[in-house]
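Analysis of the macromolecular model
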Amino acid sequence: MTMQIPAPASKQTARMSFPAGRIGKRLTQVAVTLFGLLLLTFFIGRVMPVDPVLAIVGPDADHSTYQQVYHQLGFDKPLWTQFGIYLSGLAHGDLGNALLTGKPVTQDILRVFPATMELATLAIILGAGVGIPLGVLAAAKRNSIADYVVRIISLAGYSTPIFWVGMMGLLVFYAWLGWVGGAGRVDFSLDGQVTRHSGFMLIDALIAGNWEVFRNALNHLILPASLLGFHSLAYISRMTRSFMLAQLSQEFIITARVKGLSEWHVLWNHAFRNILVQLLTVVALAYGSLLEGAVLIETVFSWPGFGSYLTSSLMLGDMNAVMGCVLVVGMIFVVLNLLSDLLYQVFDPRTKV
């Protein structure tokens, strides 16, 4: 009797080698993308009609002082040389010093980013927590009054300028009704009462056991987070409705209904389960957009976050800070995409290699 040698070993080798090649390809794409972002941002920053040297020395400085700072910043060197110097420092973990604060850019970003992350995290929880059920409802009640209401809400949230919504929110809920806190993360009288540990005001207040600061910080956070959440809700509900409509027209849904399954069971256990993978990408991209695109809300609410820091740096022509922020934004979307890929394999076995 001839013994046949099974072939799973070669298949297993192929299965083990494929993820490594896929990871290598993904890392190469990430490196090329981030390099392109940095290159484009650097050269655009150099042709902007903003003089960072003048912002440092002031308009009354004499020519010798101006030239001294100009040479110290390396602006007398060719652009490619300046870019090479920046990349050399970046390779050693040095993003340079910010002209706005005089501190390392890394230190500035670590200081302001938690404020934006706290705002965006609550916003995406509200946006996804309300937007997904609304999208499912609109798809289940297609062309009904509920569907039209959800579509109007989505259209309003998607098309209304976020800065106008922010100003109206402050006017109505803060100035008129007094239901929420005003600008900033906490009242001025409570600022500095909690020691900074994580940078997240709510978490730091809990660590300190200061419930007054916690309630005040939550009172300031709820309005800007709700407005940002309303903006992301519009996108998430629209995409959920579209995905659900595509699933509800499939034959297996008709079969499930013929078998006598309840509509709730059909919607959530059959149709919704099949769109989880797509929704992961939608929610991840929405979260990334909130992290890097909350500039207008932060400006309206005087929120000392990442968006405000980036805007101030752009106005000053501080390219070290701007490029550091661009790098952070790029890494955010890279991490979110990688996380989505990992979650795909959890919710959809067909994506496993």
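About the cut-offs
Residues numbered from 1 in each chain as written. Predicted model: local features only at pLDDT ≥ 70, side-chain atom pairs only at ≥ 80, totals over all residues. Heavy atoms only, no water. Axes fitted to C-alpha atoms, helices over the stretch in contact; angles between N-to-C directions. Helix = DSSP H or I, 4+ residues; strand = E, 2+ residues; numbered from the N terminus. Parallel < 35°, antiparallel > 145°, perpendicular 65-115°, else oblique. Left-handed = near helix turned anticlockwise from the far one by under 90°. Contact = heavy atoms within 4.5 Å. Expected span 1.5 Å × (residues − 1). Buried < 20%, exposed > 50% of the residue type's maximum accessible area, 1.4 Å probe, protein only. Arc of directions from axis to C-beta. pLDDT = per-residue confidence, 0-100.

In this section: the packing of helix H9 (residues 211-248) against helix H11 (residues 263-274). Between H9 and H11, the least distance of the axes is 8 Å, while the angle of their chain directions is 115°. Here H9 lies roughly perpendicular to H11, going by the angle between them. As H9 runs across H11, the sense of the crossing is right-handed. Listed contacts from H11 to Met244, Gln247 and Leu248 of H9 are Leu267, Ala271, Phe272 and Asn274.

A separate point is H11. A rise of 1.5 Å per residue sets the reference length of H11, with its 12 residues, at 16 Å; its end C-alpha atoms lie 16 Å apart and thus fit the reference within 8%. Within H11, burial applies to Val266, Leu267, Ala271 and Phe272. Buried residues of H11, viewed axially, fall in a sector of 130°; they line one side.

Mapping arginine 196 onto the fold places it in the loop between helix H7 (162-176) and helix H8 (201-208). For arginine 196, a relative accessible area of 45% corresponds to the partly exposed category. A sequence separation of 85 residues divides arginine 196 from arginine 111, and the C-alpha atoms of the two residues are 9.7 Å apart. With residues near it in sequence (within four places) discarded, arginine 196 still touches Leu110, Arg111, Pro114 and Asp204.

Turning our eyes to something else, we now look at the confidence of the model for the chain. As a general rule, the predicted coordinates of low-pLDDT regions are not to be interpreted in detail. Across the chain, the average pLDDT comes to 81, with 90% of residues at 70 or higher. Between the elements of the chain, mean pLDDT differs from a low of 65, seen in helix H1 (residues 8-47), to a high of 92, seen in helix H5 (residues 105-140). A low-confidence stretch, residues 1-18 stays under pLDDT 50, and its non-local contacts, those more than four residues away or across chains, total two contacts.

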